[in-house]
Amino acid sequence: MTKMNLNELNGFITVYFGQDYDLIDDSDEIEPKIDAFIADSHLAIKYGLIADIDLLLKEADNPEEEFRMRYGSDFDPHLWGTDALSFLKRVRDRISHSLNEAEPTGRQ
């Protein structure tokens with residue numbers, strides 16, 4: 001396992017996809033949990049999560065295996081019909097989109 005500080009990603013996985021994920025949303029869908037994170041989190045936390053995802057994807061020799069080693073006891077994306085890379089891309093894209101929507105109009 002690569003030594004990386006992924007505090008925001010750790011918290012995101014534990015809170016929104018860990019054993020008590022049904023307290024956030026009782027469905028077996030990924031999107032409502034991402035939406036709950038977006039609604040609940042400050043901009044800095046969202047940017048931190050994106051940075052953590054980017055770091056994991058950049059620094060890990062095998063991101064899929066790295067994800068499994070770090071989070072396999074809390075969350076297995078395969079049980080949700082996806083793999084780690086697709087899951088991380090989905091989370092990153094959805095949060096990025098929410099941040100772009102939050103940007104004030106007229107900025108250049």
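The following refers to the structure shown. Keep in mind the model is a prediction, meaning the values are calculated, not measured.

Some details on the pattern of salt bridges
And then number 1: Per the stated rule, a full pass over the model turns up 8 salt bridges.
And then number 2: A salt bridge links K33 to D25; the nearest nitrogen and oxygen atoms lie 2.9 Å apart.
And then number 3: A relative accessible area of 0% means that K33 is categorised as buried.
And then number 4: Between R94 and D35 there is a salt bridge, and its shortest N-O distance comes to 2.7 Å. Separated by 59 residues along the polypeptide, R94 in helix α5 (residues 84–102) and D35 in helix α2 (residues 31–40) bring together distant segments of the chain.
And then number 5: Several salt bridges converge on common partners, so that one network encompasses E31, D35, R90 and R94.

Describing the nonpolar core
And then number 1: Among the nonpolar cores identified, the biggest contains 27 residues, and L9, F12, F67 and F87 are the most heavily contacted of them.
And then number 2: Only α1 (7–17), α2, α3 (43–59), α4 (63–71) and α5 provide two or more residues apiece to this core.
And then number 3: Ranked by the residues each element gives to this core, the list is headed by α5, at 6 residues.
And then number 4: Once you skip the residues sitting within four places of it in the chain, L9 turns out to touch L49, D52, I53, L56, Y71 and L88.

Describing the packing of α2 against α5
And then number 1: Contact geometry of α2 with α5 gives a least axis separation of 10 Å together with a crossing angle of 40 degrees. What the angle tells us is that α2 and α5 run oblique. α2 and α5 meet at a crossing whose hand is right-handed. Between α2 and α5, the contacting residues are E31, I34, D35, F37 and I38 on the first element and R90, V91, R94, I95 and S98 on the second.
And then number 2: Within the contact of α2 with α5, the residues separate by chemical class into 5 nonpolar, 1 polar and 4 charged.

Brief notes about the side chain of S41
And then number 1: Mapped onto the elements, S41 comes out in the loop between α2 and α3.
And then number 2: Polar contacts involving the side chain of S41 include one to the main-chain carbonyl oxygen of F37, which spans 2.8 Å.
And then number 3: Not counting residues within four places of it along the chain, the set of residues in contact with S41 comprises Y16 and K46.

Some details on the environment of I24
And then number 1: One can find I24 in the loop between α1 and α2.
And then number 2: The partly exposed category is assigned to I24, whose relative accessible area is 32%.
And then number 3: Considering only alpha carbons, one finds I24 and T14, 10 residues apart in sequence, at a separation of 11 Å.
And then number 4: The residues contacting I24, other than those within four sequence positions of it, are V15, Y16, K33 and A36.

Observations concerning a negative patch on the surface
And then number 1: On the surface, D20, D22, D26, D28 and E29 cluster together to form a negatively charged patch.
And then number 2: Considering the arrangement of structural elements, one finds D22 in the loop between α1 and α2.

Calculation notes
For every chain, the first residue of the written sequence is number 1, and numbering continues from 1 along that sequence. This being a predicted model, a pLDDT of at least 70 is required before a residue's local features are given, and a value of 80 or more before pairs of side-chain atoms are given or counted; all residues contribute to the totals for chains, interfaces and linings. Side-chain figures throughout are based on the complete set of non-hydrogen atoms in the structure, without hydrogens or water. We define a salt bridge as a contact between a side-chain nitrogen of Lys or Arg and a carboxyl oxygen of Asp or Glu at a distance within 4 Å. Note on classification: 1.4 Å probe, protein chains only; a residue is buried when its accessible area is under 20% of the maximum for its type, exposed when over 50%, partly exposed between these limits. The secondary structure listing takes helices from DSSP runs of H or I that are at least 4 residues long and strands from runs of E that are at least 2 residues long, numbered from the N terminus. Residues belong to a common nonpolar core when they are buried Ala, Val, Leu, Ile, Met, Phe, Trp, Tyr or Cys residues joined through side-chain atoms within 4.5 Å. Only heavy atoms enter the contact rule, under which two residues are in contact if any of them lie within 4.5 Å. To get an axis, a line is fitted to the C-alpha atoms, and for a helix only the part in contact is used. The angle between two axes follows their N-to-C directions and goes from 0 to 180 degrees. What sets the label is the angle itself: under 35 degrees gives roughly parallel, over 145 gives roughly antiparallel, 65 to 115 gives roughly perpendicular, and the rest give oblique. Each crossing gets its hand from how the near helix is turned against the far one by less than a right angle, where anticlockwise is left-handed and clockwise is right-handed. Gly counts as polar in this scheme, as do all residues outside two lists: the nonpolar Ala, Val, Leu, Ile, Met, Phe, Trp, Tyr, Cys and Pro, and the charged Asp, Glu, Lys and Arg. N or O atoms within 3.5 Å of each other form a polar contact, as long as, within protein, one can give a hydrogen and the other can take it, and as long as residues adjacent in sequence are counted only when both atoms are side-chain atoms. Note on patches: the residues involved have over 30% relative accessible area and no salt bridge, like charges join within 9 Å, and the nonpolar side chains Val, Leu, Ile, Met, Phe, Trp and Tyr join within 5 Å. Accessible surface area values rest on a Shrake-Rupley calculation with a 1.4 Å probe, where residue burial reflects the displayed protein chains alone. His is not counted here, nor are the chain ends, while Lys and Arg score as positive and Asp and Glu score as negative. Lysine's charge is taken at NZ, arginine's at CZ, aspartate's at CG and glutamate's at CD.

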